[in-house]
Every structure is written in structure tokens, then in C-alpha cells.
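Structural characterization, general
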Amino acid sequence: MIVVKVGGSAGIDYDAVCADLSARVQAGEKFILVHGGSGETNRVAEALGHPPRFVTSPSGYTSRFTDRQTLEIFEMVYCGKMNKGIVERLQRLGVNAVGLSGLDGRIFEGRHKDSVRAVENGKVKVLRGDHTGTVEKVNTGLLELLLNAGYLPVLTPPAASYEGVAINVDGDRAAAALAVALKADALLLLSNVPGLLRDYPDEASLIREIPANDVESYLEFAQDRMKKKVLGAAEAVAGGVGRVIFGDARAGQPVSAALAGAGTVVS
Ligand code: ADP
């Protein structure tokens, strides 16, 4: 079982990801696909007159401030346009994909964080009304039913809080928790860069290998959202996933290339 997470940034080639994945599924391999949708969510939010607000925590992590209206726009795009677009591509390729969010069957569950500490104009502020959280628990029952019946699950945030409220969670870390829960052989984190770059954005500075026992020391190379991927990789290998690969989803055969060792391999 391999967990593939494909991001939501500009330049990602979903046709290439789905074509590659469908060939491997048809050859008998088992996958779960997790996807993002941040780029499209930003566009739709702007168009609806509720532009995105990103906040940076005192420790340097950037996240989307998710008030109720943002959460609803987020669901429209992630669970709607993005999820169904990917399921449709896979169905056209003959793969029986089923699209679900982390809310469905409580696949992704975690604590609701209502307030967030954010640095604004050099000062730390507490912002309330946030619908975010972190996946702490993966309920695999529904996924096992689907996998055993031959379906390909296509998953997306949000997650369910313990109270059943929808919460925005980081897709990379959700995919990492999923890979740990399912004892996946590998976790692929595919995005619009060749992998983790030592000197971002210089693509020639690709880091080829990261030892599993030293992932966190590579956080220093990752800026803003790449940090979540490095953190997710650290969590996955600590939880027993054999290999995590940061790969390129912009063209070619993104899944096969990553599995063949292109990109940054954490093992
Ligand atoms: P996605 O939505 O595709 O999962 P993100 O936008 O969350 O991806 O994270 C990937 C982005 O992180 C890259 O597009 C790049 O702009 C940025 N980034 C920051 N630091 C690095 C780095 N050291 N190596 C590669 N990418 C980096």
C-alpha cells in the first residue's frame, strides 16, 4: 500500500498523476490518493469577495486563517471541484475511484483549534474563530472496506473534530498520519518542485537523500509551506513508514518517477 499526496499549487499536472496512477492500479498495486487545492481555493475565494488570509505563527509556520466562510469556500473547492475533478479523471481511465473528505466516516479526526497565535506587524496576536486543527487519529474502517472491495479512495481535508465540526488540516501531515495508520510501504508527497531544495528556488540544489533519523535538521532548508512536508515526512518515518519521497508532479510519470527514486528520498 502506497499513500500518494498531490498538492494544490500552480503547475501540478493532475492528468499526468492520474494516468500514471491508473496504470499502476491496473497492474495490481494498491494506493490511496490524498490531494490539496490551495491554489484554486485562493482564486475562488478572491472571486467570491472573501480573499484568503494567511497567518504566520511565532515559530514560522504559515497557515490559512479559516473562519466559517473560508471553511465553506474551502469545502466547495477541495471536496467539490478538486476532488470530483480527480475522481472523474480516474473514472475515465477505468479506475473505480471514490472521493471522500476526512469528515466522511470521520476518516481524519483531530482537535479543533479555535484560536491561533499569529505574528502581525512584529507583534504576536491571538486570532479567534479559526476552524483548524491537526489530524491525531485516522479511522481506517471505511478505507479498508473500500480497498478490499477494489475501490481507489481519493481523500481530501477537512477533517472532523472530536465534536464533529469540520476543521481545516494540513494535507501533507494528514497523508503522513494516514500512511502510518495503514502501515504504508511508502508515502509520496508530490508538488510543483523537484523535491526539497537546499537553496530554494534553485532546482539544481535538490537534496537527493535524507536519513530517516535526521529529518528535522532539514527543516532549516524549507521555507513556509514546505516545512509542513518535512514535518510530515519526519512523522511518517518515525511512525514506521519505510520511505517518504518528495517528488515532482508537474509532468511525466510523477508516481513512477518518485518510486524510482527521483526527488528527495527520506529513508
Ligand atoms: P502543495 O500545495 O503542492 O502541497 P505547497 O505550496 O504547500 O505545496 O509547498 C510546496 C512549495 O514550497 C513549493 O512550491 C515552494 O514554493 C515552497 N518551498 C519553500 N522552500 C522550499 C524548498 N527548500 N524546497 C522546495 N520547495 C520549497
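Structure report, in brief. None of these values were measured; they are calculated from a predicted model.

All right, on to the sheet that holds strand 2 (residues 31–35) then. Pairing is mixed in the open sheet, where eight strands are placed in the order 5-10-2-1-13-15-16-14. Each end of this open sheet is capped by a strand with a single partner; those strands are strand 5 (97–101) and strand 14 (209–210). Taken together, the two bridges between strand 14 and strand 16 (residues 264–266) define a ladder with parallel strand orientation. In the sheet register, Ile210 faces strand 16, and the bridge partner there is Val266. Against the sheet, helix 4 (residues 141–148) engages strand 2, strand 5 and strand 10 (152–156), with an angle of about 145° to strand 10. Sheet contacts for helix 6 (residues 226–238): strand 1 (2–6), strand 13 (186–191), strand 15 (243–248) and strand 16; angle to strand 15, the most-contacted strand, approximately 155°.

Three or more residues of helix 4 are buried, namely Leu143, Leu146 and Leu147. The arc that holds every buried residue of helix 4, seen down its axis, measures 95°, which confines them to one face. Exposed and oriented more than 90 degrees from the buried face of helix 4 are Leu145 and Asn148. On its buried face, helix 4 is in contact with strand 2, strand 5, strand 10 and helix 5 (171–181). One or two positions beyond helix 4, positive phi appears at Gly150, with a value near 90°.

Take the side chain of Ser57 next. In this fold, Ser57 is placed in the loop between strand 3 (54–56) and strand 4 (62–64). Ser57 sits in the buried class, given a relative accessible area of 17%. If sequence neighbours within four positions are ignored, Ser57 has contacts with Arg117 and Val119.

Reading the values: rules and limits
Residue numbers restart at each chain and count upward from 1, following the sequence in its written direction. Only residues with pLDDT of at least 70 are given local features in this predicted model, and only at 80 or more are side-chain atom pairs given and counted; all residues enter the totals for whole chains, interfaces and linings. To get the side-chain values, take all heavy atoms of the structure and skip hydrogens and water. Paired strands, in this sense, are two strands between which DSSP finds at least two bridges. Strands here mean DSSP runs of E at least two residues long; helices mean DSSP runs of H or I at least four residues long; both are numbered from the N terminus. Any two residues whose heavy atoms approach within 4.5 Å are treated as being in contact. Under this scheme, a helix contributes an axis fitted over its contacting stretch, all axes are lines through C-alpha atoms, and angles between N-to-C directions fall in the 0 to 180 degree range. Here's how the labels work: a residue is buried when its accessible area is under 20% of the maximum for its type, exposed when over 50%, partly exposed in between, all with a 1.4 Å probe on protein chains only. In this description, one arc is meant: the one made by directions from the helix axis to the C-beta atoms.

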